[in-house]
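Spelled out from the first residue to the last, the chains are:
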Amino acid sequence: MARAKVEQQQPTTGMTLIVLVGLAVAFLLFMAFLNVIKSGNLLSETNLLFATLVFYSGAGALYLGFGVTGTQSYLKFASLATWLGLLANTAAIAHRWYESGHAPFSSVYEMLLSFVWTLAVLTLVAEKKYGVKVIGTVTMPVAIVGVVLMQLLRTEVHPLVPALQSTWLHVHVTLAMLAYAACALSFALAMMFLIQDNLKTETVLAVTSASTLAIYASVVLTRFEKWGGLSLVAWNPESKSEVFLSRGVRLFVTVPDLGWLVSLTLLVVASPLVFYGLARWKNNDSFLTLANRAVFLSILLQVMTLVMFIVRACDGRYPLLDADGLFPTTLAASPFILSGLVGGVFISLLYLLLLWRRPDLERSLPSADVLDRITYKTICLAFPLLTLMIASGAYWANQTWGSYWSWDPKETWAAITWLVYAGYLHMRITRGWRGRRAAYFAILGFAVVMFTFFGVTYLLPGLHAYA
Amino acid sequence: MAVDLRALGHKTWRTIASIQTGVVLLILVVILAAVGTVVLQRPATDPDEMQTAYSPHALRILDAVGLTDVFHAWWFLGLMLLVSLCIVAASVDRFPNSWRYFSRPYKYPDASFRRASHPQKSLAIADEESGLVAAQRALHSLGFKPERVVREDHFGIFAERHRISELAVYIVHASLLLIFFGTIVDGIWGWRGYLSLNEGQTSNAVEIREGTTRTLPFAIRCDAAGQENYQDGTPKKWWSKLAVVEDGRDVKKKEIVVNDPLLYSGVRFYQSSYGPNGKVDRFSLVATPSNGSGEKQEIGLALNDTVSLDADTTVRFAEFFPDFAVRDGQVYKKSNDLENPAAHLVVSSKKAGKEFDVWLPPLDEVADNSKAPYQFQATDLKMGHFTGLQVSHEPGQWGVWSGVVLIGIGLAFVFYVVHMRFWVVPVCDTKTGKYSLWIGGTANRNRDAFEQRFNHLVELVEKELKTVPKTSLSEQVVTVVGN
């Protein structure tokens, strides 16, 4: 009965969402247009990036809508929005390339630009060629986070230092972006496989709550200060960079009271996991209902934390941690915390999507068998790309530093990524690993890729300081 | 006993060659490599930094275990050797099978193979020969070279493509070993060092690490070096004009920049740094006779140069301080930065048999410039620069690069070149006496795409069957002879 009701409602809700997203996109573009008229500069990179963000957001919303309801018309408009976003993204890349005179691969900002582009292209390919229609539900939010991060990172064109003036650099980074995007795609496909393979919704609950818990726990453990403050890296607005006391030692400011909010959210985020544990221990499913309610509550709190974090960290001067005086900070100074908070909301929302709309989701996805095969195929694409990426990087290093391999953390982690995927291929080809285990392996591989891409750059010291 | 030993050896071999061992070793390498990126590593990090990062006790333990230099520790090397051994063993273990598969293709499918084969299809045919001819034409049109298999009791058609794909994985493994081999050769016979040259200087002593130098059989001279900047002041380009000097002759000359090294007899010289060396390249002055009876003259001096100003008087550039201070009538060097330079000239007059000290800028508490027969005015000061060269000798890198090329080719074959086989056998049903054409095929990867291809073949055969006339003897004879 409820089912029939939902299906009856579909046409109306379908139009509503499309109209809403369309209106939102039009409104945002109109606002941007006003801005353009004021500044008189139509094709600036900021505008192009903004258009990219608007279109990708529209596409993401529509893909999510399609994922939830399975309405075909969403998909059409979602693809259209992705195409438009891709167009703006391409223009942004071309603009930057023209302005800087080198391919956009020399900083985290420029690489994100290329990464998002590749992701959008692969999404369209997967959708059109392989018929994996809901792939955008996962990849578009990732692309949106990428564009948001870009807005925060520095955007001026930096001239290339001598070490980076090499064709091999472009080859290396292009290959890296292609390989990483293929890995991202295989990750998304593996997740979808798990859904089609009847992975229990509770298990997803446990995993998603554990990951959000891990995010908040790491923020609280590393950044909570006495009297409920949250310490953030200080930012120098003139040089547009973090403030360093000495090499590798950053200056921190304390944002008062934000620590309490994050700790509270940590507690609420932990509660679904506790209820899940109770449900398993007592064998009582009523705890699962509680856990789901807790997830809902945790999303509200997470959104609140995110908003507060953005409002407080966006600008303003705060007391220094170790000295007297006030110092400003910005969002760009804490890209990790920001992406962690956004990621937490996103992960929890994905769980809710699964919880509420699982049957619809299962209907619109290809069969588990097909997903398993496509996951393998994308890894078959990613692995040679990874190999060539490492090889071209080694060749470049040999030209620049006189050594093809120096066990720099980035190199080491690239090798680790390669080994993980090599392990996957061996298990699959010689041991016949299919299904669940292969999917877990693909997910692990992407986690390592993410660490190599972001973690190593920000957490570990090394020669790849500019990338 | 001997039998036991053999059994033990066999068992060890099986363990080493097994995929489980390989995966366990891979996991170990991954864990240790990850540890090596988290713990600060010895040669790259200053000892001082290590001291502040870890407590003395922890540092002692880390040093003892080798975790402060994971990638050069003996156990890491040992592990890499084990991995190589594992790759060799696994390849040797599996190779004979693959080779047999490769060298003696399975051309005629027997009844049990036909039953289990997937995908397969049976088409009704009028007689054996028309079916085979149709299949042959269909395979031809798909670009295969079908082969008639004729044995005493059976016959059929076999066609295949890209058999080499079966051996591609060995190419990949062999190239990995080649890369390992190259790095080991470099680890044993290779070296890296640093050479700093002032403009015009020649040297053959490369500093390997603090205190040790290596003497090259030839020398390097830096003729010039420089830096170009972007408008915002960040460096755009560093360059050095280098010459290789062997037995007193210039044998090679090259202007190197970052990313474009000089290579001479296996040793590479990379541009690595550039900066002022605190020494004067050329000091330009205007000298005017003190008694006002002569012409002004312009002179240029390097340190310790002597120039004659007239028949009686010479001037020598005796001392230079990039950053000076005066105390108790003495001049001291404060630093090596070109902040506050001072030059000491010595003017000597033969007639008077006297030497006069001249300081620029004038330092009255040290010497009285006005006594000298000439007065000097500094017009230009050109400082000398050094160029820093990274020097390396990597005899094994050819192994590495050829391994890299080979691994690229191997992977392309592993993932994208599919070994496809088709068999066509006419079968006679013993009960009804009717003929049918059995078509089967396999591919070693990408099986779903292969199935589409297979279905396409079946369609083509069906089409050909309609056009092929009943057996024509002549065609049969030709094909048999052709094989």
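Being a predicted model, the structure only gives us computed values, none of them experimental.

(A) Spotlight on the sheet that holds strand β17 (residues 354-360) of chain B. All names here are of chain B. Overall, antiparallel pairing links the four strands, which are arranged β12-β13-β16-β17 in an open sheet. Two strands lie at the open edges of the sheet, namely β12 (306-308) and β17, each paired on one side alone. The mean inter-strand angle of the sheet, taken between neighbouring strand axes irrespective of direction, is 25 degrees. As paired strands, β12 and strand β13 (residues 313-321) are joined by three bridges and run antiparallel to one another. From the neighbouring strand, serine 308 faces β13, where its bridge partner is threonine 314.

(B) Looking closely at the pairing of β13 of chain B. All names here are of chain B. Connecting the antiparallel pair β12 and β13 is a turn made up of four residues. One ladder, built from eight bridges, connects β13 with strand β16 (residues 342-349); its direction is antiparallel. Across the sheet, residue glutamate 319 finds its bridge partner in β16, namely histidine 344.

(C) Quick look at the sheet that holds strand β1 (residues 120-125) of chain B. Residues and elements named next belong to chain B. With respect to topology, five strands assemble into an open sheet ordered β1-β20-β19-β3-β2, the strand pairing being antiparallel. Of all the strands in the sheet, just β1 and β2 (147-150) have a single pairing partner and so form its edges. Across this sheet, the average inter-strand angle for adjacent strands is 25 degrees, counted without regard to direction. Where β1 meets strand β20 (residues 435-443), six bridges bridge the pair, whose relative direction is antiparallel. The residue bridging leucine 123 from the neighbouring strand is leucine 437, located in β20. Contacts between helix α7 (residues 128-141) and the sheet are confined to β1, β3 (155-161), β19 (420-428) and β20, with β19 contributing the most and set at about 165 degrees to the helix.

(D) How the structure looks around the interface of chain A and chain B. Of the residues lining the interface, 33 residues belong to chain A; the matching set on chain B comes to 36 residues. Within the residue set of the side of chain A that touches chain B, elements represented by two or more residues are α11 (368-400) and α12 (409-431) of chain A. The dominant element in the side of chain A that touches chain B, judged by the number of residues it contributes, is α12 of chain A, at eleven residues. Here the side of chain A that touches chain B is composed, by residue class, of 19 nonpolar, twelve polar and two charged.

(E) Spotlight on the environment of leucine 297 of chain A. Residue and element names in this part refer to chain A. Mapped onto the fold, leucine 297 is located in helix α9 (residues 286-314). Taking the number of C-beta atoms within 10 Å as the measure of exposure, leucine 297 has 14 and is therefore partly exposed. In the structure, leucine 297 is positioned 25 residues away from proline 272 in sequence and 9.7 Å away in space, judged by C-alpha atoms.

(F) The confidence of the model for chain B, seen in detail. Residues and elements named next belong to chain B. Here chain B averages 84 in pLDDT, and 96% of its residues register 70 or above. Ranking the elements of chain B by mean pLDDT puts helix α11 (residues 473-482) last with 42 and helix α9 (residues 397-416) first with 91. Between residues 472-483, whose pLDDT stays under 50, and residues either more than four places distant or in other chains, the model counts nine contacts.

(G) Quick peek at the domain arrangement of chain B. Taken domain by domain, chain B holds domain 1 (2-94), domain 2 (105-162 + 418-482), domain 3 (189-278 + 387-396) and domain 4 (280-382). Here the C-alpha centroids of domain 1 of chain B and domain 3 of chain B sit 36 Å apart.

(H) Here's a closer look at α9 of chain B. Given a rise of 1.5 Å per residue, 20 residues ought to cover 28 Å, and the 28 Å separating the end C-alpha atoms of α9 of chain B matches this to within 8%. What α9 of chain B keeps buried is the set Gln397, Gly399, Val400, Gly403, Val404, Ile407, Gly410, Leu411, Phe413 and Val414 of chain B. Close packing links the buried residues of α9 of chain B with α11 of chain A together with α8 (168-189) of chain B.

(I) Highlighting helix α6 (residues 167-196) of chain A. A rise of 1.5 Å per residue sets the reference length of α6 of chain A, with its 30 residues, at 44 Å; its end C-alpha atoms lie 44 Å apart and thus fit the reference within 8%. The buried fraction of α6 of chain A amounts to 23 of the 30 residues, a majority that puts the element mostly inside the structure.

(J) Here's a closer look at unusual backbone geometry. Here the amide bond leading from histidine 118 of chain B into proline 119 of chain B is cis, since omega sits at 0 degrees, within 30 degrees of zero. Looking at the element boundaries, proline 119 of chain B is found in the loop between α6 (111-116) and β1. The omega torsion of the bond from leucine 360 of chain B to proline 361 of chain B falls at -5 degrees, within 30 degrees of zero and hence cis. Within the secondary structure layout, proline 361 of chain B lies in the loop between β17 and β18 (374-393). For asparagine 198 of chain A, which is not a glycine, the phi torsion comes out positive at approximately 60 degrees. Mapped onto the secondary structure, asparagine 198 of chain A falls in the loop between α6 and α7 (201-223).

Cut-off values and rules
Residues numbered from 1 in each chain as written. Chains lettered and ligands numbered in written order. Predicted model: local features only at pLDDT ≥ 70, side-chain atom pairs only at ≥ 80, totals over all residues. Pairing = 2+ DSSP bridges. Helix = DSSP H or I, 4+ residues; strand = E, 2+ residues; numbered from the N terminus. Axes fitted to C-alpha atoms, helices over the stretch in contact; angles between N-to-C directions. Contact = placed C-beta atoms within 7 Å. Nonpolar A, V, L, I, M, F, W, Y, C, P; charged D, E, K, R; others polar. Buried ≥ 20, exposed ≤ 12 C-beta atoms within 10 Å, placed from the backbone. pLDDT = per-residue confidence, 0-100. Domains from an automatic or database assignment. Expected span 1.5 Å × (residues − 1).

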